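What follows is the residue order along each chain.
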Amino acid sequence: MAKRWTCRPSSTFRRFCDALEAFGLLPLAFCQRQRPEAKGAVKYTGSVSQWQQREQAKALLAKEVGYVRKPHAGRLRVALAFPNTYFVGMSNLGFQTVYRLFNAEDGIVCERVFLPPKSEIAALKISGASLVTVESQTLVRDFDILAFSVSFEWDYTNVLTMLRLAGIPARADQRTHHHPMVMIGGAVTFVNPEPLALFADVIAAGEGEALIPPLLEAFKEASDRDDLLQRLVQTRGYYVPSFYDVHYLDSGPIQRFEARAGTGAPAVVRKAALKTTEAVDPPVTSIFTPDTEFGSRFLIEVVRGCANLCRFCWAGYNYLPVRSFPKERILELAEKARPYSAKAGLVSIALCDHPDIEEILTRLAAMGYSISPASLRLDDLTPTLLNLLRASGERTVTIAPEVGSDRLRRVVNKTITNDEILAATEMIFASGMENLKLYYMIGLPTETDDDLVAIRDLTLQMRDIMMRHAKDRGQVGRVIGSVNPLVPKPGTAYQWLPMEDDASIDRKIKRLRALTSDIENVYFNIKSERSSFYQALLSLGDRRVAPAIEAAERNGGNWRAAVKEAGVDADFYVFRDRSGDAVLPWDIIDGGMKDSFFRAEMDKALREEWTLPPKRQKDNARLLTVLQ
Ligand code: SF4
């Protein structure tokens, strides 16, 4: 495409229009998660000018290593937005990876933009200054594409805040050729893009490695923005919501998605994913900065996906198949990053599914890295792994028994038993670890009071193992249990389930608190139903939920008021059994798993039957051979 969208007004004119728009009209909005603001971030009490924004961006750059600056001329210009603060965004490996992938293409220049800190949002509102990118401090609205990388439902309102601060209408149908094309991608678009559908010109569903090269090709060939959208819908992973009419039944559920004639849009959009990662660079931290949640930690994804098939887990189902990144490339990149970081953070969900994991960890340790995994699967723990982590200075291991009883573990398809969990606990504390963090869920199908008691009993047994080892060491650690109500997720075997109602969950929370309140060295953090309820709405909703997101953005995150103002029936989305629905909101994306498989898994859950993951099947086959 020789030139960008036609009739692009000058920056001066835009600034003028923007200033007019901003006179008292930009709504005040706040970041949903109360994160600390970046160290050294300026606290604004009055207005903030364009000049101040630019100076602040330059101050961030001065502390960074690894950012990319390229001339804009002749390139596709992408402003890559993270809908939360710099402090949070720079610790997000997905965001860093997309930045690297965009800039790896010579024909693309990609620059970052973040949600300003809370104090600055109010100041920007007063001054009417518009958002600029970090690298060249260019106005975001002057880019060809504004690409959001969205990982959490709570950041949806921040997407709208950033659009407003950039002077771009929030709704796709209010934008013209003069605005950047707004693309939304990230983990949530794998799960259910529909609540964001009215805000996106295009949704990128899938993995960045598979999505970015065809985007550049389409851009080069397209004659204008409409042509680009038409080309993208014929490209795997690209979903243009405005090309579809959604028909609803009088009773509320979706009847069908209908692709508009002449758009070339497919009946369903297939997620784009890498078939293999054998020749692909692993996602790693490419920009180092001290101003982030994880400090200058070198983050690496060594293996993608998890084949354990837990029935509630969207990450497990949606990142299949399990794919390892090349060992030598992981180590080369780690070697290169070593001058900037002494701590390696391993972010894979199934770390030990990498065939060379012990060698990788040993060699990382030999480079002088201390090693810290995001989480460890119970079936992955080995003495070698634990010893390596202990030698790296780790004192706490986080594992997820999910539930307390073997019976309920068969319902959720966590294919491990209490005996095995206790054996793993023994191994953990024998390695010298001091603390144990545990993840549990409540509100699961078929759950009874016995299952709550089982959470207490299992935790007590684990605590006893810790105490026994602590006595030998002369130092007592802690067991910390974290309990969350189940939010049934799209793209899982539980996608048709309603969330358990408030009263029932409240009862269970009270009961669990009573069961666990007086255990020495055990602390429980039990999440309330209410915050999960609105998360469930955003997770399970369709495009009719959009007005509630807009209202929540306007009122500073008061979801109860937002849902009421928008007239959205949240209970319909959260507490309704969807098993009779012919079409679910997320069916517009084909994530690769078949409904028939999920329905069969749900039936097995109710029969309390496991579906063994391949690794476990292999172990069982080996055991059988040994036994025979
Ligand atoms: S072990 Fe289960 S819960 Fe954990 S990532 Fe794998 S499938 Fe998900």
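Residues numbered from 1 in each chain as written. Predicted model: local features only at pLDDT ≥ 70, side-chain atom pairs only at ≥ 80, totals over all residues. Heavy atoms only, no water.

Participant: Any details on the overall build of the protein? Residues and values, ideally.
Facilitator: When you go through the protein residue by residue, the secondary structure sums to 23 helices and 19 strands. By the burial criterion, 58% of the 628 residues in the protein qualify as buried. When contacts within the protein are restricted to residue pairs at least 6 apart in sequence, those whose partners lie at least 24 apart make up 77%. Carbon and sulfur atoms make up 54% of the accessible area of the protein, which amounts to about 24,800 Å² in all. (Helix = DSSP H or I, 4+ residues; strand = E, 2+ residues; numbered from the N terminus. Buried < 20%, exposed > 50% of the residue type's maximum accessible area, 1.4 Å probe, protein only. Contact = heavy atoms within 4.5 Å. Areas by Shrake-Rupley, 256 points an atom, 1.4 Å probe, with all protein chains shown as cover.)

Participant: Tell me about helix α5 (residues 118–127), and please be specific about residues and values.
Facilitator: Every buried residue of α5 is listed here: S119, E120, I121, A123 and L124. As for α5, its buried residues are in contact with α2 (50–63) and α6 (156–165). G128 sits one or two residues past α5 and shows a positive phi near 80°.

Participant: Could you give an account of the packing of aromatic side chains, naming the residues involved and the relevant values?
Facilitator: Enumeration according to the criterion identifies 17 aromatic pairs in this entry. Taking 5.9 Å as the distance between ring centres and 55° as the angle between the ring planes, the aromatic pair formed by F597 and F598 counts as tilted. Under the relative-accessibility criterion, F597 is labelled partly exposed at 28%. Over the ring of Y99 we find R112, and its NZ or CZ is 5.3 Å from the ring centre. (Phe/Tyr/Trp six-rings, centres within 6.5 Å; stacked < 30°, edge-to-face > 60°. Lys NZ or Arg CZ within 6 Å of the ring centre and 35° of its normal.)

Participant: With reference to specific residues and values, describe the pairing of strand β2 (residues 108–114).
Facilitator: Across the 7 residues that make up β2, a large majority, 7, are buried. Residues I108, C110, R112 and F114 point to one face of β2 and V109, E111 and V113 to the other, with burial holding for every one of them. Pairing between strand β1 (residues 76–82) and β2: 7 bridges, direction parallel. What sits directly across from L80, in β2, is R112. (Pairing = 2+ DSSP bridges.)

Participant: Before we move on, can you summarise the site of the ligand with the specific residues and values?
Facilitator: Around the ligand sit C306, N308, L309, C310, F312, C313, G316, I349, R377 and K414, and those are all the residues in its vicinity. Its residues assigned to classes, the shell around the ligand comprises 6 nonpolar, 2 polar and 2 charged. (Near = heavy atom within 4 Å. Nonpolar A, V, L, I, M, F, W, Y, C, P; charged D, E, K, R; others polar.)

Participant: Which residues make up helix α4 (residues 93–104), and what are the values?
Facilitator: Within an α-helix, residues lying three or four positions from one another point in the same direction, as the helix has 3.6 residues per turn. Look at α4: 16 Å from first C-alpha to last across 12 residues, which is about the 16 Å you get at 1.5 Å a residue. Across the 12 residues of α4, 9 count as buried, placing the element largely inside the fold. Turning to α4, its buried residues are L93, F95, Q96, T97, V98, Y99, L101, F102 and N103. The inward-facing, buried residues of α4 contact β1, α3 (86–89), β2, β3 (145–149), α8 (208–221) and β10 (298–300). The opening residue of α4 is N92, an N-cap whose side-chain oxygen sits 3.0 Å from the backbone nitrogen of G94. (Expected span 1.5 Å × (residues − 1). Polar contact = N/O pair within 3.5 Å; in protein donor to acceptor, adjacent residues only side chain to side chain.)

Participant: Explain the side chain of S405 to me, using residue names and the numbers behind them.
Facilitator: Along the chain, S405 falls in the loop between β15 (396–402) and α14 (406–412). For S405, a relative accessible area of 12% corresponds to the buried category. For S405, the residues in contact, after removing those within four places along its chain, are N418, D451 and A454.

Participant: Could you give an account of the packing of α4 against α8, with specific residues and numbers?
Facilitator: Two quantities define a packed helix pair, namely the angle between the axes and the distance from one axis to the other. Running from amino to carboxyl end, α4 crosses α8 at an angle of 30°, the nearest separation of the two axes being 10 Å. The angle between the axes of α4 and α8 places the two elements in the roughly parallel class. Note on packing geometry: the crossing formed by α4 with α8 is right-handed. Taken together, the residues of α8 that come into contact with α4 (itself represented by T97, V98, L101 and F102) are G208, E209, I212 and L215. In the contact of α4 with α8, the residues fall into 5 nonpolar, 2 polar and 1 charged. (Axes fitted to C-alpha atoms, helices over the stretch in contact; angles between N-to-C directions. Parallel < 35°, antiparallel > 145°, perpendicular 65-115°, else oblique. Left-handed = near helix turned anticlockwise from the far one by under 90°.)

Participant: Break down the packing of helix α11 (residues 327–337) against helix α12 (residues 357–366) for me, citing the residues and quoting the values.
Facilitator: The N-to-C vectors of α11 and α12 enclose an angle of 15°; their axes lie 11 Å apart at closest approach. By the angle between their axes, α11 is roughly parallel relative to α12. Where α11 crosses over α12, the two elements pack in a sense that is right-handed. Counted together, K327, E328, I330, L331 and A334 of α11 and E359, I360, R363 and L364 of α12 form the full contact between these two elements.

Participant: Explain the nonpolar core to me, and be specific about the residues and the numbers.
Facilitator: Within the largest apolar cluster, 124 residues are counted, with the highest numbers of intra-cluster contacts made by F102, L146, F148 and Y494. The residues touching L146, leaving out its near neighbours within four places in the chain, are A79, A81, V113, V140, L163, I168, P180, M181, V182 and M183. (Core = buried A, V, L, I, M, F, W, Y, C linked by side-chain atoms within 4.5 Å.)

Participant: Can you break down the sheet that holds β10 residue by residue, with the values?
Facilitator: Taken together, the 3 strands give an open sheet; going across it, the order is β10-β13-β14, and neighbouring strands pair in parallel fashion. Only two strands of the sheet have a single neighbouring strand rather than two, namely β10 and β14 (370–373). Sheet twist, expressed as the mean angle between neighbouring strand axes with direction ignored, is 25°. Inspection of the sheet shows strand β13 (residues 343–346) paired to β14 by 4 bridges, in the parallel sense.

Participant: Please give an account of the pairing of strand β18 (residues 522–526) that cites residues and values.
Facilitator: Judged by which residues are buried, β18 turns out to be one-sided: V522, F524 and I526 face inward and are buried, whereas Y523 and N525, on the alternate face, are not. Note that strand β17 (residues 479–485) and β18 share 5 bridges and pair parallel. Residue pairing in the sheet places V479 in a bridge with V522 of β18. This β-α-β element, β17 to helix α17 (residues 502–516) to β18, shows right-handed connectivity. (Right-handed = clockwise from strand over helix to strand, strands pointing away.)

Participant: Any chance you could break down the pattern of salt bridges for me, citing the residues and the numbers?
Facilitator: Pairing between side chains becomes possible if they bear opposite charge and their charged atoms approach one another. Following the criterion strictly, the structure yields 48 salt bridges and no others. Measuring nitrogen to oxygen at the nearest pair gives 2.7 Å for the salt bridge that ties E135 to R112. Here E135, found in the loop between α5 and β3, pairs with R112, found in strand β2; they are 23 residues apart in sequence, far enough to count as distant. Across the pair R377 and D353 runs a salt bridge, and its minimum N-O distance is 2.9 Å. Note that R377 is positioned in the loop between β14 and α13 (383–391) and D353 in the loop between β13 and α12, a separation of 24 residues in sequence. Given a relative accessible area of 9%, R377 falls into the buried group. (Salt bridge = Lys/Arg side-chain N within 4 Å of Asp/Glu carboxyl O.)

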